[in-house]
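Architecture at a glance
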Amino acid sequence: MKEVLYYLNLLFLAYFVLVNGFYLVLIGLSSHVVRRYSRVTAMTEYEGIFGTTFYKPVSVIVPAHNEEATIVHTVSSALSVRYPELEVVVVNDGSIDGTWHELVRAFNLVPSPATVSYDIPCQTVRGLYESLTHPGLRVVDKEQGGKADALNAGINASSFPLVCNIDADSIIDVRSMVQITRPFLEDHRVVAVGGVVMPSNGCDIQNGEVKNIKLARSTLARFQTIEYLRAFLFGRIGWSRLNSLMIVSGAFAIFRRTALVEVGGYRTDTVGEDMELVLRMHRAFADKKKPYRIVFLPDPICWTQVPEDLKSLSKQRRRWHRGLADSLVKNRQLCLNPKYGGVGVVGYPFFALCELLSPVVEMFGYFFVVLAIVSQAITWELGLAITACSLLLGTIMSMSALVLEAKAFRRYEGMRDVVTLSIHALLEGLGYRQLHSFWRCMGLVDYLRRQTSWGQPARKAF
Amino acid sequence: MSAFRIILVLIALELITITLLLVATLLTQAHKSGSRMRRRMELWETMLPAALAGEQQAVTLIRASLRSEAAWKAFHNFIDENLRHEQGDSTLSFRRLSRHVRLTDRLHRQLVRSRDPLDRAAAARTLARLRERVAEETVLELLKSKDPAVVLVAAYATASFRDPRQLLPVFRAIYGRTPITLHGAAELLSGFGEGVCPVIHGLLQGAVGQYEATSTPGAMVVPIGTAAPVGTAVPINTVAADPEQVVDRDEAAAQVVMVDLLTFYRYRPAASTLAQLLTFTTNEEVLIHLVKALALLGDASAVPRLSELLGHPSWVVRRQSIQALAALAVVEAAPAVRALLGDDNLMVRASAHDTLRALQRARARRRKKVVEALT
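This structure is a prediction, so every number in the text was calculated from the model and none was measured. (Residues numbered from 1 in each chain as written. Chains lettered and ligands numbered in written order. Predicted model: local features only at pLDDT ≥ 70, side-chain atom pairs only at ≥ 80, totals over all residues. Heavy atoms only, no water.)

What about the overall build of chain A?
Looking only at helices and strands, chain A features 14 helices and 12 strands. In terms of overall dimensions, chain A is globule-like: its C-alpha atoms have a radius of gyration of 22 Å, near the 23 Å expected for 462 residues. In terms of principal-axis extent, the alpha carbons of chain A reach across some 75 × 45 × 45 Å. Counting the 462 residues in chain A, one finds 61% classified as buried. Within chain A, residue pairs in contact and separated by at least 24 positions form 80% of the contacts whose partners lie at least 6 positions apart. A distance of 5 Å separates the average location of the 49 positive side-chain charges in chain A from that of its 41 negative side-chain charges. (Helix = DSSP H or I, 4+ residues; strand = E, 2+ residues; numbered from the N terminus. Rg over C-alpha atoms; globule rule 2.2 N^0.38 Å. Buried < 20%, exposed > 50% of the residue type's maximum accessible area, 1.4 Å probe, protein only. Contact = heavy atoms within 4.5 Å. Lys, Arg positive; Asp, Glu negative; His and termini not counted. Charge placed at Lys NZ, Arg CZ, Asp CG, Glu CD.)

Quick word on the packing of helix 6 (residues 103–113) of chain B against helix 7 (residues 117–129) of chain B
All names here are of chain B. Contact geometry of helix 6 with helix 7 gives a least axis separation of 8 Å together with a crossing angle of 140°. Between helix 6 and helix 7, the crossing angle belongs to the class labelled oblique. Classified by chirality, the crossing of helix 7 by helix 6 is left-handed. The segment helix 6 lies against helix 7, with Thr-104, Leu-107, His-108, Gln-110 and Leu-111 engaging Asp-119, Arg-120, Ala-123, Ala-124, Thr-126 and Leu-127. Residues of the contact of helix 6 with helix 7, tallied by class, amount to 5 nonpolar, 4 polar and 2 charged. (Axes fitted to C-alpha atoms, helices over the stretch in contact; angles between N-to-C directions. Parallel < 35°, antiparallel > 145°, perpendicular 65-115°, else oblique. Left-handed = near helix turned anticlockwise from the far one by under 90°. Nonpolar A, V, L, I, M, F, W, Y, C, P; charged D, E, K, R; others polar.)

Re the sheet that holds strand 2 (residues 86–93) of chain A
Residues and elements named next belong to chain A. Across the sheet, which stays open at both edges, the 10 strands sit in the order 3-4-5-2-1-6-11-8-12-7 with mixed pairing between neighbours. Edge strands, defined here as strands with exactly one partner in the open sheet, are strand 3 (109–111) and strand 7 (170–172). Strand-to-strand twist across the sheet, computed as the mean angle between neighbouring axes with direction ignored, equals 30°. Judged from the 8 bridges that link them, strand 8 (residues 190–199) and strand 12 (residues 293–304) form a sheet pairing that is parallel. (Pairing = 2+ DSSP bridges.)

Section: a nonpolar patch on the surface
Together, Val17(A), Ile6(B), Val9(B), Leu10(B), Leu13(B), Ile16(B) and Leu20(B) make up an exposed nonpolar region whose accessible area comes to about 600 Å². Take the nonpolar patch: its biggest share by element is 6 residues, from helix 1 (residues 3–32) of chain B. (Patch = residues over 30% accessible without salt bridge, like charges linked within 9 Å, V, L, I, M, F, W, Y side chains within 5 Å. Areas by Shrake-Rupley, 256 points an atom, 1.4 Å probe, with all protein chains shown as cover. Salt bridge = Lys/Arg side-chain N within 4 Å of Asp/Glu carboxyl O.)

Considering the environment of Asn156(A)
All names here are of chain A. Inspection of the secondary structure assignment puts Asn-156 in helix 4 (residues 147–157). Given the relative accessible area of 3%, Asn-156 is considered buried. In this structure the C-alpha to C-alpha distance between Asn-156 and Ser-95, which are 61 residues apart in sequence, comes to 19 Å. Excluding residues within four positions of it along the chain, Asn-156 makes contact with Val-116, Ser-117, Tyr-118, Asp-119, Ile-120, Cys-122 and Arg-257.

Some points on unusual backbone geometry
Glycine aside, a negative phi is what most residues show, and trans is what most peptide bonds show. A positive phi angle, near 50°, is found at Asn66(A), a position not held by glycine. Mapped onto the secondary structure, Asn66(A) falls in the loop between strand 1 (58–64) and helix 2 (71–79). For Asn66(A), a relative accessible area of 23% gives the class partly exposed. Backbone geometry places Arg266(B), a non-glycine residue, at a positive phi of 50°. Within the fold, Arg266(B) resides in the loop between helix 13 (249–264) and helix 14 (271–280). Judged by relative accessible area, Arg266(B) falls into the partly exposed class, the value being 41%.

What to know about the interface of chain B and chain A
Taken together, the 48 residues of chain B in the interface contact 53 residues of chain A. Counting the contacts that link chain B with chain A gives 4 salt bridges. In this structure, the connection of chain B to chain A is made through 8 residue pairs in polar contact (both at pLDDT 80 or more). Within the residue set of the side of chain B that touches chain A, elements represented by two or more residues are helix 1, helix 7, helix 9 (148–161), helix 11 (182–189), helix 13 and helix 19 (346–374) of chain B. (Polar contact = N/O pair within 3.5 Å; in protein donor to acceptor, adjacent residues only side chain to side chain.)

Some details on the pairing of strand 2 of chain A
Residues and elements named next belong to chain A. Extensive coverage of strand 2 is indicated by the burial of 8 of its 8 residues. Burial of strand 2 is two-sided: the residues Leu-86, Val-88, Val-90 and Asn-92 facing one way and the residues Glu-87, Val-89, Val-91 and Asp-93 facing the other way are all buried. By the bridge criterion, 7 bridges tie strand 1 to strand 2 in an arrangement that is parallel. Opposite Val-58, over in strand 2, you have Leu-86 as the bridge partner. In this fold, the crossover linking strand 1 to strand 2 by way of helix 2 has right-handed handedness. Here strand 2 runs beside strand 5 (residues 137–142); their pairing, made up of 6 bridges, is parallel. Residue Val-91 lies in a different strand from strand 5, and its bridge partner there is Val-140. (Right-handed = clockwise from strand over helix to strand, strands pointing away.)

Points about the packing of helix 10 (residues 167–177) of chain B against helix 11 of chain B
Residue and element names in this part refer to chain B. Following both chains from N to C, one finds helix 10 and helix 11 inclined at 145°, their axes separated by 11 Å at the closest point. Here helix 10 and helix 11 pass one another in a crossing that is right-handed. For the pair formed by helix 10 and helix 11, the contact residues are Leu-167, Val-170, Phe-171, Ile-174 and Tyr-175 on the first element and Leu-182, Ala-185, Leu-188 and Leu-189 on the second. Taken together, the residues of the contact of helix 10 with helix 11 sort by class into 9 nonpolar, no polar and no charged.

Description of helix 5 (residues 176–186) of chain A
Note on helix geometry: an α-helix contains 3.6 residues per turn, so any two residues three or four positions apart are oriented the same way. Burial of helix 5 of chain A is extensive: 10 of the 11 residues sit out of reach of the surface. Looking at helix 5 of chain A, one finds that the buried residues are Ser176(A), Met177(A), Val178(A), Gln179(A), Ile180(A), Thr181(A), Arg182(A), Pro183(A), Phe184(A) and Leu185(A).

Re the confidence of the model for chain A
In low-pLDDT regions, the fine details of the predicted coordinates are not to be read closely. The predicted model of chain A averages 87 in pLDDT, with 96% of residues at 70 or higher. Confidence, expressed as mean pLDDT per element, reaches its minimum in chain A at helix 12 (residues 380–409) of chain A with 82 and its maximum at helix 8 (residues 273–287) of chain A with 95. (pLDDT = per-residue confidence, 0-100.)

A word on the packing of aromatic side chains
Residue and element names in this part refer to chain A. Under the defined criterion, the tally for this structure stands at 21 aromatic pairs over all chains. Look at Tyr-23 and Phe-350: their rings are 5.4 Å apart centre to centre, the planes differ by 85°, and that puts the pair in the edge-to-face class. With Tyr-23 in helix 1 (residues 2–42) and Phe-350 in helix 10 (residues 341–356), this residue pair connects regions lying 327 residues apart in the sequence. Classification of Tyr-23 as buried rests on a relative accessible area of 16%. Owing to a relative accessible area of 7%, Phe-350 belongs among the buried residues under this scheme. Relative to Phe-296, the ring of Phe-232 lies with its centre 6.0 Å away and its plane at 25°, an arrangement referred to as stacked. Taken together, the residues span a long stretch of sequence, with Phe-232 in helix 6 (residues 219–241) and Phe-296 in strand 12 at a distance of 64 residues. (Phe/Tyr/Trp six-rings, centres within 6.5 Å; stacked < 30°, edge-to-face > 60°.)

If you want it as structure tokens, here you go:
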């Protein structure tokens, strides 16, 4: 028994070393990509597009369900984005709070004579409205059908070839739209582009625009800042380079409208609709042997409110993990299927083994280390060393993300912010990471129990 | 060695890595917001107007600040950034300054010697913006690179020289060697400037001539921009019935980009050629862009064909045609437009609705003018 526990502990350690080793490869890849990307973008004239007619117009879709605290700011922010031709389509998804009244009051809405084509099936649209004060704004009022259904209604109501989805608690950086649409001009195969999402908590926001980037005051939000940096600067850049991007964030993504219609829009029976859509796109285009690319860019940025209390964060993370499990199961045809290239052979198995199961392995790992120490299968020094080893590997990745951020983008300018983030990267492994793994395990349990609720997080005004 | 020791070694290594990363973060941060670099930038910004005006003291001060490699790179970026919106004489001032402080020499060395194609492309771009013709040949070489990013940067650089003769080589390079879209290509080529319009017009006239030629059995067809080989005419009786067959994908793409550029520069002398092209082409993409162009350039000879296109199977073509008729204020087209109020497509119905209102207004204006003339 003791021997089994001893080797089991070493097995857990080997799992962490392997998983983190792969992440280290992604770090190397991402660093190279970011360096090259920074050099190329420095030579690209983004602003030149304002003097020409050679851009692709964009419809920004903002789905909103009970978002009265943030909706006006979000819509104002979307309207203030610098882009030559842009429409904002807000979808009021059967809100029962003051969302609708806030929209009518702030933007002077009147019924529009236009109608909505149902290119993608969605719940009944009760009405289409336009603003007397903001010509680029359209509001769709519809029966409640969930976020995915609201997005589908927004796609139906949109009239431009590119469709950008943002969350109702998010603010797009004013320069981001020009950057995120660029790949659609430079590569005819591009069907979707994802941008970076960062916590807006603590930032100085005026008239729907982030004026001054500051670190959040709450410790929980700071831990999430580290997490977001790690996820976006390493994971997605690396996967994008391997042409195996499995997810573009639902909080900030842009799609070719025809591609969305072709795959049937978002699925309404999942809570991980953003990841599910990307996986389905991979399947659909590879099946049809159509050349396509799904790209992630580290430059365009969208600011979003992250939860600052444990209850909301727990709900969010459980939902995300449930969505991950659901998306992987719904697109299991991808698994180890060479027809789907890197996504099938590398991306899918990695996500299944290292993203979906890692919290379970981690929780079991902690349990078996304690059990092995108690049963004297290993010495307490060895147990501590194994735990420390796995935690420190995580810290290396967080620190690397900080280096990359400081080197390539320098969004957090103050030295004080960098030091604070570094300290949080060191502390992350002492409690937060374990809690996070526990929530993700619970998310898996929720999925197995077929739970389908969203759990609306509490929003604060910007 | 026991597992415990191995893990301890691993931990020690990890701790060292974390410390190094922490130091790297802080150093990067310190370097980027470093006071020395900030002072340099302030100096350059203050001295730039005087240096551009040719004041020797300002030039000497800037030259003295360029001691390290980092300073040269920063100055290169600084000049490149300031050159973005400059044209004409001010570009000449930048060229003079760059030569005085020896930035031009460094960039030329970088362009010729560097092994990194992106480094070469960066140098090429700035030299092109400085209109240093000595770099032109190397820039054209970079268009042959296998790396699409390098090809794009080189294409931007070539466009900066504003030499109309390079328009087609650049178009062929970006369209053949990168996955660029037509929008992207047109945006890039717009950097050539307005002077390119007569060249494009000539090429499109050639295309019209080819379409006409294909209606005659025994005619010869050559791609756009290629001189017809004398004495080696290839009879193409088979395509006589369908002129569209002479346009392959590249040809259609070239036409779209050219039409877009003429529209962008509002080059009215080309309107009648575009109207002629409209009668020949059946390529949907070309049609859409031609209709849009004619709406903006305003050529009444296209009206019969535009009215025909109201029955086109593509809703985009139908909508564009309606909008073009509205822009040209063709009151006589009202019955045909009214028929489209019952179109299957919402966008077409909406456009028809708007156009009818616009045509009513146009008719009212016309009546008023007639009444005024009579009274």
